[in-house]
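Structural features, examined
Listed below are the residues making up each chain.
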Amino acid sequence: MIQKVLAYILNSSKDTERLLAYSHKEFPEVPLLVPGGTIKKEEKPIEALKREVFEESGLTDLYEFEKLGEADIHNDDKEDYHGHFFRCRTDHDLTEWEH
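Figured I'd write up the structure that's included with this text. (Residues numbered from 1 in each chain as written. Predicted model: local features only at pLDDT ≥ 70, side-chain atom pairs only at ≥ 80, totals over all residues. Heavy atoms only, no water.)

A closer look at helix α1 (residues 45-57)
Between its first and last C-alpha atoms α1 spans 18 Å; for 13 residues at 1.5 Å apiece the expected length is 18 Å, and the two agree. Restricting attention to buried positions, one finds in α1 the residues Ala 48, Leu 49, Arg 51, Glu 52, Val 53 and Ser 57. Remark: Gly 58 follows α1 within two positions and exhibits a positive phi of approximately 80 degrees. (Helix = DSSP H or I, 4+ residues; strand = E, 2+ residues; numbered from the N terminus. Expected span 1.5 Å × (residues − 1). Buried < 20%, exposed > 50% of the residue type's maximum accessible area, 1.4 Å probe, protein only.)

Below you can see the structure in the form of structure tokens.
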């Protein structure tokens with residue numbers, strides 16, 4: 001089964017906590033997404049998480065990594081996968097974030 005990582009990235013500023021989520025520019029009909037992707041054979045989940053977050057968001061200042069859990073995910077229209085879910089933080093100003 002394919003292994004994937006998903007990142008729930010939090011940012012705190014001005015007494016507000018934000019979760020980084022985005023819509024796909026080329027597929028606006030797709031619901032909001034969080035950064036993530038496929039784990040390569042030679043990677044550990046945390047390594048894949050950092051790589052995928054950088055590729056999809058450009059963020060490199062992540063910290064406070066916490067693994068939230070794992071689960072087998074069934075997709076009717078896509079391939080099933082085993083997900084590794086992480087929470088982490090960034091100090092990046094997400095009000096001006098562009099991916």
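So, next bit.
Focus: the nonpolar core
By size, the foremost hydrophobic cluster in this structure holds 12 residues: Val 5, Ala 7, Ile 9, Leu 20, Ile 39, Ala 48, Leu 49, Val 53, Leu 59, Leu 62, Phe 86 and Cys 88. Listed by contribution, the elements that provide at least two residues to this core are β1 (2-13), α1 and β5 (81-89). If we ignore the near neighbours within four places in the chain, the residues touching Leu 62 are Ile 9, Val 53, Cys 88, Arg 89 and Thr 90. (Core = buried A, V, L, I, M, F, W, Y, C linked by side-chain atoms within 4.5 Å. Contact = heavy atoms within 4.5 Å.)

Observations concerning a negative patch on the surface
Judged by side-chain charge, Asp 72, Asp 76, Asp 77, Glu 79 and Asp 80 come together as a negatively charged surface patch. Secondary-structure assignment places Asp 72 in strand β4 (residues 63-73). You can call Asp 72 exposed: its relative accessible area is 56%. (Patch = residues over 30% accessible without salt bridge, like charges linked within 9 Å, V, L, I, M, F, W, Y side chains within 5 Å. Areas by Shrake-Rupley, 256 points an atom, 1.4 Å probe, with all protein chains shown as cover. Salt bridge = Lys/Arg side-chain N within 4 Å of Asp/Glu carboxyl O. Lys, Arg positive; Asp, Glu negative; His and termini not counted. Charge placed at Lys NZ, Arg CZ, Asp CG, Glu CD.)

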